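Coordinate analysis (summary)
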Amino acid sequence: DRHYLPWVTNTAALVSRITVENTSKDTAACVQIVYYATGSLSPSATDPSGGTSNCPSGGEFLAPRASMVRDETSMAAPFGFDGSALVRTQPASGGVAAGIQQLSVAVDTRDRVRAGLATYRALSQDETSRVVLLPMIDRATVEDDASYTTRFRIFSATPGAPNEVTLRFEGRDSGGAQ
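What you see is a predicted model; the values in this text were computed from it and never measured.

1. Considering the environment of E170
Tracing the backbone through its elements, the reader meets E170 in the segment after β12 (146-148). Sequence-wise, E170 and I137 are 33 residues apart; in three dimensions their C-alpha atoms are separated by 9.7 Å.

Here it is, written out as structure tokens:
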């Protein structure tokens, strides 16, 4: 099972917190987070990198209803990291297959200095697509003395494989021109 986190950061300006919960009431899980820096095809870090008796193929053991949190004090991605992450399950001891483990994954990213917080839930495998629609894009839009710009990140459902991306913008600028 895979959960995609398109925006994870650990910089001087912003820091992310990843929360992974095993939502099963009776099945353990083995959870691994793989970090990819922007523009890189190979992982920057894998957390945890090795196996244990409960998770022989790798991952951190999560008992039923248990959680794990990665933030600026525990994130395997180094300081200065800006990129994406892949949360994946691994087989657990006792024959628990990776595909039946049930996770809920969320990311909170906050500004280290000023007010500011962004929160999103991970995208699951069945939510990935080759066609993505962004219904509204703003660039330097000003409202009530605040400026807004839409930012988005493209993350491959197959990390490590290069992508070819075509972007098509339709709409009107502030002057009404198409």
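And the narrative resumes.
2. A look at the pattern of salt bridges
If you walk through the whole model with that rule in mind, you get seven salt bridges. For R114, the salt bridge identified is with D111, shortest N-O distance 3.5 Å. Close ionic contact of R168 with E170 constitutes a salt bridge, the shortest N to O distance being 1.9 Å. Given the relative accessible area of 70%, R168 is considered exposed. Connected through salt bridges with shared partners, the residues D47, E60 and R70 form a single ionic network.

3. Description of unusual backbone geometry
The bulk of non-glycine residues show a negative phi, and the bulk of peptide bonds are trans. Along the chain, D47 connects to P48 via a cis peptide bond; the corresponding omega equals -15 degrees. In this structure, P48 sits in the loop between β4 (45-47) and β5 (60-62). With phi around 65 degrees, R65 is a residue other than glycine that occupies positive phi space. Positionally, R65 belongs in the loop between β5 and β6 (67-70). If you check the backbone angles, D144 has positive phi at about 50 degrees while not being a glycine. The topology assignment puts D144 in the loop between β11 (141-143) and β12.

4. Looking at the nonpolar core
One finds L5, V8, I18, V20 and Y35 to be the most contacted residues of the largest nonpolar core, which totals 21 residues. Among the secondary structure elements, those contributing two or more residues to this core are β1 (2-10), β2 (14-22), β3 (29-37), β7 (81-90) and β8 (103-111). Considering every element that reaches this core, the biggest residue donor is β3, with four residues.

5. Remarks on the layout of surface pockets
Reported here for the largest pocket is a volume of approximately 2,100 Å³. Every residue lining the largest pocket is counted, 44 residues in all, and those nearest its centre are V132, L134, F152, I154 and L167. Among the secondary structure elements, those contributing two or more residues to the lining of the largest pocket are β1, β9 (117-121) and β12. Tallying contributions element by element places β1 first for the lining of the largest pocket, with three residues. Counted by class, the lining of the largest pocket contains 20 nonpolar, 12 polar and 12 charged residues. Of the pockets and cavities examined, the second largest pocket occupies roughly 300 Å³. G39, S40, I154, S156 and N163 are, among the 16 residues lining the second largest pocket, the residues nearest its centre. For the lining of the second largest pocket, a count of residues per class yields eight nonpolar, seven polar and one charged.

6. Quick notes on the pairing of β2
Looking down a regular strand, the side chains alternate between one sheet face and the other. As paired elements, β2 and β8 share nine bridges and run antiparallel to each other. Across the sheet, the residue bridging to S16 is T109, located in β8. As defined by bridge partners, β2 adjoins β6 across four bridges and the pair is classed as antiparallel. Residue T19 lies in a different strand from β6, and its bridge partner there is V69.

7. Concerning the state of the cysteines
Across all of its chains, the model carries one disulfide by this definition. A disulfide bridge connects C30 with C55, and the sulfur atoms are separated by 2.1 Å. Between C30 and C55, the S-S dihedral sits near -90 degrees, and the bridge is therefore left-handed. One end of the pair, C30, is in strand β3; the other, C55, is in the loop between β4 and β5, with 25 residues separating them in the sequence. When its relative accessible area of 0% is taken as the criterion, C30 is described as buried. Of the residues examined, C55 reaches a relative accessible area of 0% and is grouped as buried.

Each value, and the rule that gives it
- Residues numbered from 1 in each chain as written.
- Predicted model: local features only at pLDDT ≥ 70, side-chain atom pairs only at ≥ 80, totals over all residues.
- Heavy atoms only, no water.
- Helix = DSSP H or I, 4+ residues; strand = E, 2+ residues; numbered from the N terminus.
- Salt bridge = Lys/Arg side-chain N within 4 Å of Asp/Glu carboxyl O.
- Buried < 20%, exposed > 50% of the residue type's maximum accessible area, 1.4 Å probe, protein only.
- Core = buried A, V, L, I, M, F, W, Y, C linked by side-chain atoms within 4.5 Å.
- 1 Å grid on protein atoms, 1.4 Å probe; cavity = no way out; pocket = protein on both sides within 12 Å on 5 of 7 lines; lining within 4 Å.
- Points joined across faces, edges and corners; volume = space filled by probe spheres on them.
- Nonpolar A, V, L, I, M, F, W, Y, C, P; charged D, E, K, R; others polar.
- Pairing = 2+ DSSP bridges.
- Disulfide = S-S within 2.5 Å.

By themselves, these figures tell us nothing about what the structure is for.
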